[in-house]
Amino acid sequence: MSSESPQAPGPSVTSRVTSSPVPERSLPVVRLRVPTEEDAYAWHRVFDDPEVMEFHGGRSAEVSVYEELTARQRKHDAEHGFCLWTLLDEDDEVIGFTGAQPWPPTDWGPAGEIEIGWRLGRAHWGRGYATAAAAATLERVRATGLDHVVAMVHPGNTRSVAVTERLGMTLSRTYLSPVSGVEALCFRLELTMSPSGD
């Protein structure tokens, strides 16, 4: 996930994303669904890799962390109409998550903002899935009436920085993370304008 943040099944939607500045032909097909209880185990399996967790504590989390996280996302979906969705590829394989959630009530970061984020299993890096998934997220959150979103990214996470740039996000400010001790980058995107800027 791009984020520095601490962290009821619904219908899934297939998206090839047309609202992204990235040409449609370059993006793979992705599907998003509200995470199920079983997805906690899938997320644990997919993210059980030191490279995936490099900017998220550096080590794999216990299954219980993902059980709590998926339950929280079902609640977010019910309350807000968005959450961190389970991300599936064209073969319906769980490859990670993407979505949006309120920034948690902490003493740092973009308080009161809606943050978008993504996290993929290592085998799926470099194939356009993160950009396709994030663009699908933007379509969904725009439909709920949000006028902007943010993305918090560790400055060393060059892959996620590149995704924010492909989405047309701009760096708005930095926040000193009490977790990593670095200045986390906060990107912002206005959703009220069309992708072309009209």
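In case you missed it, the structure is sitting above this.
Here goes a summary of the coordinates provided. (Residues numbered from 1 in each chain as written. Predicted model: local features only at pLDDT ≥ 70, side-chain atom pairs only at ≥ 80, totals over all residues. Heavy atoms only, no water.)

## Re the nonpolar core
The tendency in soluble globular proteins is for nonpolar side chains to be buried side by side.
Point 1. Ile116, Val149 and Leu167 are the most contacted members of the largest nonpolar core, which has 49 residues in total.
Point 2. Among the elements that line this core, the one with the most residues is helix H3 (residues 129–143), at nine residues.
Point 3. When neighbours within four sequence positions are excluded, valine 149 is seen to be in contact with Ile114, Ile116, Leu138, Val141, Met169, Phe187, Arg188, Leu189 and Leu191.
Point 4. Ranked by size, the runner-up nonpolar core spans seven residues in total, among them Trp103, Val150, Met152 and Ala184. (Core = buried A, V, L, I, M, F, W, Y, C linked by side-chain atoms within 4.5 Å. Buried < 20%, exposed > 50% of the residue type's maximum accessible area, 1.4 Å probe, protein only. Helix = DSSP H or I, 4+ residues; strand = E, 2+ residues; numbered from the N terminus. Contact = heavy atoms within 4.5 Å.)

## Considerations on the packing of aromatic side chains
Point 1. If you walk through the whole model with that rule in mind, you get four aromatic pairs.
Point 2. With 4.8 Å between their ring centres and 55° between their planes, tryptophan 43 and phenylalanine 97 make a pair best called tilted. Taken as a pair, tryptophan 43 in helix H1 (residues 39–46) and phenylalanine 97 in strand E4 (residues 94–102) lie far apart in primary sequence, 54 residues in all.
Point 3. Using a relative accessible area of 0% as the deciding quantity, one classes tryptophan 43 as buried.
Point 4. The interplanar angle of 85° and the centroid separation of 5.4 Å between the aromatic rings of tryptophan 103 and tryptophan 108 together place this pair among those described as edge-to-face. Accessibility classification places tryptophan 103 together with tryptophan 108 in one group, the buried group.
Point 5. In this structure an aromatic cluster arises from ring pairing among Trp43, Phe47, Tyr66 and Phe97.
Point 6. If you follow arginine 119 out to its NZ or CZ, it ends over the ring of phenylalanine 47, 5.1 Å from the centre. (Phe/Tyr/Trp six-rings, centres within 6.5 Å; stacked < 30°, edge-to-face > 60°. Lys NZ or Arg CZ within 6 Å of the ring centre and 35° of its normal.)

## Notes on helix H2 (residues 63–80)
Point 1. Over its 18 residues, H2 runs 25 Å from end to end, which matches the ideal 26 Å to within 8%, given 1.5 Å per residue.
Point 2. Those residues of H2 lying buried are Tyr66, Leu69, Thr70, Gln73, Arg74 and His76. Each buried residue of H2 lies within a common arc of 160° when the element is viewed along its axis, so the set occupies one face. Among the exposed residues of H2, those pointing more than 90 degrees away from its buried face are Lys75, Ala78 and Glu79.
Point 3. Along its buried surface, H2 packs onto H1, strand E3 (84–88), E4 and strand E5 (114–120).
Point 4. Taken from the residues just after H2, glycine 81 is the one with a positive phi, measuring 85°. (Expected span 1.5 Å × (residues − 1). Arc of directions from axis to C-beta.)

## Quick word on the side chain of histidine 76
Point 1. Assignment of secondary structure puts histidine 76 in helix H2.
Point 2. Leave out the neighbours within four places in its chain, and histidine 76 touches Gly81, Phe82, Cys83, Gln101 and Pro102.

## Considering the pattern of salt bridges
Point 1. Enumeration according to the criterion identifies six salt bridges in this entry.
Point 2. A salt bridge links aspartate 39 to arginine 33; the shortest N-O distance between them is 2.6 Å.
Point 3. Residues arginine 188 and glutamate 113 are paired through a salt bridge, measuring 3.8 Å at the closest nitrogen-oxygen approach. Taken together, the residues arginine 188 in strand E8 (residues 183–190) and glutamate 113 in the loop between E4 and E5 connect sequence positions 75 residues apart.
Point 4. Accessibility expressed as a relative area gives 27% for arginine 188, which makes it partly exposed.
Point 5. Three or more residues joined by partner-sharing salt bridges are found here, namely Glu113, Arg188 and Glu190. (Salt bridge = Lys/Arg side-chain N within 4 Å of Asp/Glu carboxyl O.)

As far as function goes, none of this settles anything; it's purely spatial.
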